[in-house]
Amino acid sequence: MKFAVLRFPGSCDELDALGAALRVGDAELVWHRQRDLRGADAIVVPGGFSYGDYLRAGAIARFAPAMEAVIAFASDGGLVLGICNGFQVLCEAGLLPGALLPNVNLRFTSRQVQLRVERADTPFTGACPPGAPLSIPAKHAWGRYHADEPTLAALEGRRQVLLRYAPGHNFNGSANDIAGVCNARGNVLGLMPHPEHAVDELSGSTDGLCIFASMRLALEGAHA
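Residues numbered from 1 in each chain as written. Predicted model: local features only at pLDDT ≥ 70, side-chain atom pairs only at ≥ 80, totals over all residues. Heavy atoms only, no water.

Student: Can you help me understand the side chain of Arg164 in this one?
Tutor: Among the structural elements, Arg164 can be located in strand 9 (residues 161–165). Among the polar contacts made by the side chain of Arg164, one reaches the side chain of Glu156 at a distance of 3.0 Å. Leave out the neighbours within four places in its chain, and Arg164 touches Gln114, Leu115, Arg116, Glu118, Glu156, Asn176, Asp177, Ile178 and Ala179. (Helix = DSSP H or I, 4+ residues; strand = E, 2+ residues; numbered from the N terminus. Polar contact = N/O pair within 3.5 Å; in protein donor to acceptor, adjacent residues only side chain to side chain. Contact = heavy atoms within 4.5 Å.)

Quick look at the structure:
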């Protein structure tokens, strides 16, 4: 399988995402001005920054030519993963519900967090270890997931919350301890922690690799 990893002006985590994707398949960077996704089977909208996060995080990147292709790709059922700033971009683009607001401490915060996998039957979590928390780093200033009460109720009712902060690890104040949420169709996931930074034992955890491996497993099963 092949991943396309977007690159925006100011991105700083796209190479890490590329390296993580290369551990489970082929991968290629796609510049923000390009509409050609190079025949990719899955898309990663990476973390870092995009266009300096002017206006608000993800607000400008949402209009990038590459995102036009990603929106079309997602509407056709393609798998799209948004990490940190990528999560913000996907929310701005309307591919995911809700928004990311400033952390409750109003500071950029970087720390290792524990995540609880709420569902193991999705294209993004099928290869995750059952019952075990994921140890993955998070680093952001605008990571507090917010949605109005009807939206939150719908997300919970439709089981669209795929990842939740373990007790004591929700440092940003996200509603319902939400760390990662998918769309109603289940083919688009956004999460604030960085799985691409937890794919090598030298980093202290390889738990993030299961997100990328799950996408490959789902695609291989679809084509079997």
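Student: Whenever I open this one, the packing of aromatic side chains confuses me. Can you help?
Tutor: Each pair of aromatic rings is reported with the distance of its centres and the angle of its planes. In total, this model carries 2 aromatic pairs according to the counting rule given. An angle of 65° between the planes, with centres 6.2 Å apart, marks the rings of Phe3 and Phe212 as edge-to-face. Of the two residues, Phe3 sits in strand 1 (residues 2–7) while Phe212 sits in helix 5 (residues 209–223), which places them 209 residues apart along the sequence. Comparing Phe3 with Phe212 shows no difference in burial state: the two are buried. Pairing Phe87 with Tyr145 gives two aromatic rings, centres 5.9 Å apart and planes at 15°, and the pair type is stacked. On the criterion of sequence distance, the pair formed by Phe87 in helix 3 (residues 85–92) and Tyr145 in strand 8 (residues 144–146) is long-range, its members being 58 residues apart. Taken as a pair, Phe87 and Tyr145 share a single burial class, namely buried. (Phe/Tyr/Trp six-rings, centres within 6.5 Å; stacked < 30°, edge-to-face > 60°. Buried < 20%, exposed > 50% of the residue type's maximum accessible area, 1.4 Å probe, protein only.)

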